[in-house]
Amino acid sequence: MNSVRVPHRLCCLRAVVKKEFRQIGRDARTLIFLVVMPGFLLLMFGFALNFDVKHVPLAVCDEDGSAAAREFIGNFTHTEYFDLKYELSDPREVDRLLGEEKVRVALVVPRGFAADLAAGRDPAVQVLVDGANASSASTAAGYISGIVQNDVVRMTIRLLRERGLKGFVLPLASDVRVWYNPELRSAIFLVPGLMAFILMVILVISTAFSIVREKERGTMEQIMVSPLKPGELIVGKTVPYIFISLVSSHLVLLLGRVLFGVAIKGNYFLLLLTMTLFLIGGLGQGLLISTITRTQQVAFQLAILSTFLPTFILSGFVFPVRNMPSFVQAITFLVPAKYFLVAMRSIIIKGAGLGAFWEQVLGLAAFAAIMLGVSTLRMKRGK
Amino acid sequence: MMRKIAHIIRKEFLQLKRDPRLLPVLFVAPVIQLLLMGYAANLDVRDIPTVVCDLDGTSASRELTAEFFNSGYFSLKAWVSDIRVVDHYLDDGEASMALVIGRGFADNLAAGEPARVQLLVDGSESQSATIGASYASMILSGHAQRIMLERLERLKPFGIRPVRIKPEVRVWYNPELKSRNFMVPGVLGLILMIMTMMLTAMAVVREKETGTMEQLIVTPIRPLELITGKLLPFLIIGTIDVCLVLAVATLLFRVPLRGSVFLLFGMSLVFMLTTLGLGLFISTISRTQQQAMMTTVFFMMPMMLLSGFVFPIENMPKFFQAITFVVPMRYFFVIIRGIFLKGVGIAELWDQGLALLAFGAAILTLSVLRFRKKVG
């Protein structure tokens, strides 16, 4: 008897998987999105998106017009940090340019700059910074004070040389070494985060949808009266999406390798294990959403709300978790992408072993178990 | 005509009510999102965990480390005496930065030779690493300058006076440099886009998928009336969301609202024309709700990333900068941050508003035309 039932059960499962695949296949655009979008996002992250503060649009108002003033201004305009956009003669125009966001920084060298320097008085210089974007503004302000400091030291050393005092050197020599990601390329840092983002969004949304759709169209009842068990339905519904997400995340890894030289330093099987745990958790989350909603519209909103923003904001993908207030840090423990991200960065960038991130793997496993458990329970009750 | 539109609006609201979870999704979720964003979306880098390896152990080296930790950017994680231990701290992610002061630091300083300091930075979190490294170099060069000035003081009797330029730095619009003031107005744009675009796209496609579109078409309702009736509920929902978000932003997060509230509402309506138009457009090119949803996500992700919400547009390569001109949110962010933080008015923002209006008109016309053709 048993020997007959087992193939029969597998047969059922295969039928659901086949049905789901066929439904995805019918919709070529969705399939293309699922496969192409990750690559497209990676390209964007690799080439377009970074936090470097460079080429800040600058306006200069040189009221002095002396050689010394020009030299001082040259220190700003000859760096890649600032791009000279406007040369003004009236300092009142600065207000307008800052207000319209034409420039972010304005430098005003008042009349008497050269005369003050020559007479040994401390010349006044004004720097106006648009502080709206606080983090880039403070970085830009840092550059400015660095440039001025360098300039002052250079002028002082030149002055001393003119007086015949040689042998004056800078008192400190600092040597900055960056580990793991020596060129500080954002792509290396972002590939693991992007994988989390893609897997989460594709998986949760697709699974949430695939069951609600049956409910909304009324085909759920048909499936319910078939000899299919809830567990089989879930497995059958989700296998295709696991498959697709695995394909697209490998595509991201491959593109990262080819375009940005992001190689996996650690163990590939550890990576696969972590990824699978994360995927199962995402599936559970999608299923849970589909059991508590009735229409695709709401399922979609819930899926987006529970994946898009938490993965983007609370995982440490873009914003460091360390900086968040402690109650928000506590919430981040509920975000599986956070565990995934830490583990992925350890494996891909640092090449660390399981010892360095076993807590993260445990967190992922716990999340997956809870999500799957709760949604299967709810599903059974629903039937 | 107005009555017909009113009927559709009523039908649409009835349909929204059918799923009891939609109401919290529409009005509670935006507030939760804003709360999370306001508290979590913080790019300020502070308290970078740092390990110190001071092999010199003199008062000169201690002076330098003290200056490091007094800055507030770094927090002391451990004080080690073996350079090899530093590696473990960085490998396990317990520290993100290490300051190594070699033996002979004080001797070199006293002899007028360059004294060496080494800084090890964990680059796996590249953006905080960059910022942390730049803070560290700022502190080091400040320290160097101070030592230099002390030496020059001794030369004063010989008539040598160091050059000093103290730039007077004034920060406008956000003098405390709080990133929350920058992020929270941005979230308003993000929430408006997510809400209105998704709901519209789904609402129209649902009629197609469930087959009720044909029923609607055979009624005496004209396509334009149908579309107006479909879009107005979401415009109303979006406006309520603006009120909610505005209340939280100003009352809880104390983001200064320096400009006109009416201008803010007016511009939000213009912005919603673009997102509603995009939603409608997506619904004309999709057959099923799943397809509409995927297409929406596909539009939304690049729009969010290329809008200047977190990643500054001026850092992007020229090619991507050109793309940002067709992202309506880009204009809305300039408008909304301008109204909130700079208190600027229509005189400064008219060009951004015009760009939004043009985009909205274009996408709405395009989708109404496509919609008509389908219906006919």
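It should be emphasised that the depicted structure is a prediction, and the values quoted were computed from it without experimental measurement. (Residues numbered from 1 in each chain as written. Chains lettered and ligands numbered in written order. Predicted model: local features only at pLDDT ≥ 70, side-chain atom pairs only at ≥ 80, totals over all residues.)

The next subject is the overall build of chain A. Assigned secondary structure in chain A consists of 14 helices and five strands. Looking at the 383 residues of chain A, the share that counts as buried comes to 46%. (Helix = DSSP H or I, 4+ residues; strand = E, 2+ residues; numbered from the N terminus. Buried ≥ 20, exposed ≤ 12 C-beta atoms within 10 Å, placed from the backbone.)

Residue and element names in this part refer to chain B. Helix H10 (residues 261-284) packs onto helix H9 (residues 223-252) with a crossing angle of 135 degrees between their chain directions and a minimal axis gap of 10 Å. With respect to each other, H9 and H10 are oriented oblique. The handedness of the crossing between H9 and H10 is right-handed. Residue-level contacts link Ile227, Leu231, Phe234, Leu235, Gly238 and Val242 of H9 to Phe265, Ser268, Met272, Leu276 and Leu280 of H10. Across the contact of H9 with H10, the residue classes tally to nine nonpolar, two polar and no charged. (Axes fitted to C-alpha atoms, helices over the stretch in contact; angles between N-to-C directions. Parallel < 35°, antiparallel > 145°, perpendicular 65-115°, else oblique. Left-handed = near helix turned anticlockwise from the far one by under 90°. Contact = placed C-beta atoms within 7 Å. Nonpolar A, V, L, I, M, F, W, Y, C, P; charged D, E, K, R; others polar.)

The next point concerns the interface of chain B and chain A. Chain B puts 100 residues into the contact, and the matching count from chain A is 104 residues. Contributing elements (two or more residues each) for the side of chain B that touches chain A: helix H2 (22-40), helix H4 (83-91), strand E4 (115-122), helix H6 (126-153), strand E5 (166-172), helix H7 (179-210), helix H11 (289-305) and helix H13 (328-342) of chain B. With 17 residues, H6(B) is the largest single contributor of residues to the side of chain B that touches chain A. Partitioning the side of chain B that touches chain A into residue classes produces 56 nonpolar, 22 polar and 22 charged.

Residue and element names in this part refer to chain B. Confidence in the prediction of chain B, expressed as mean pLDDT, is 83, and 94% of residues score 70 or more. Taken element by element, the predicted model of chain B shows its lowest mean pLDDT in E5 (72) and its highest in H10 (93). Across the whole predicted complex the pTM is 0.78, and at the interface the ipTM reaches 0.73. (pLDDT = per-residue confidence, 0-100.)

Moving on, we come to the domain arrangement of chain B. In terms of domains, chain B is made up of domain 1 (2-42 + 178-375) and domain 2 (48-158). Taking only C-alpha atoms into account, the centre of domain 1 of chain B sits 49 Å from that of domain 2 of chain B. (Domains from an automatic or database assignment.)

The next thing to look at is the nonpolar core. Soluble, globular proteins show a tendency: their nonpolar side chains are buried together. Residues A:Val105, A:Ala106 and A:Leu194 are the most contacted members of the largest nonpolar core, which totals 191 residues. For this core, the element with the most residues is helix H7 (residues 186-217) of chain A, which contributes 20 residues. Ranked by size, the runner-up nonpolar core spans 32 residues in total, among them A:Val153, B:Leu64, B:Leu119 and B:Ala129. (Core = buried A, V, L, I, M, F, W, Y, C linked by C-beta atoms within 7 Å.)

At B:Arg254, a residue that is not glycine, the phi angle is positive and equals roughly 55 degrees. Following the sequence through the fold, B:Arg254 ends up in the loop between H9 and H10.

All names here are of chain B. Over its 32 residues, H7 extends 46 Å from the first C-alpha to the last, a length consistent with the 46 Å expected when each residue adds 1.5 Å. Most of H7 is tucked away, with 29 of its 32 residues classed as buried. Directly after H7, the chain includes glycine 211, whose backbone phi takes a positive value near 85 degrees. (Expected span 1.5 Å × (residues − 1).)

Next up on the list: the domain arrangement of chain A. Domain boundaries assigned for chain A yield domain 1 (13-49 + 182-382) and domain 2 (56-162). Of note, the centres of domain 1 of chain A and domain 2 of chain A, computed from C-alpha atoms alone, are 49 Å apart.

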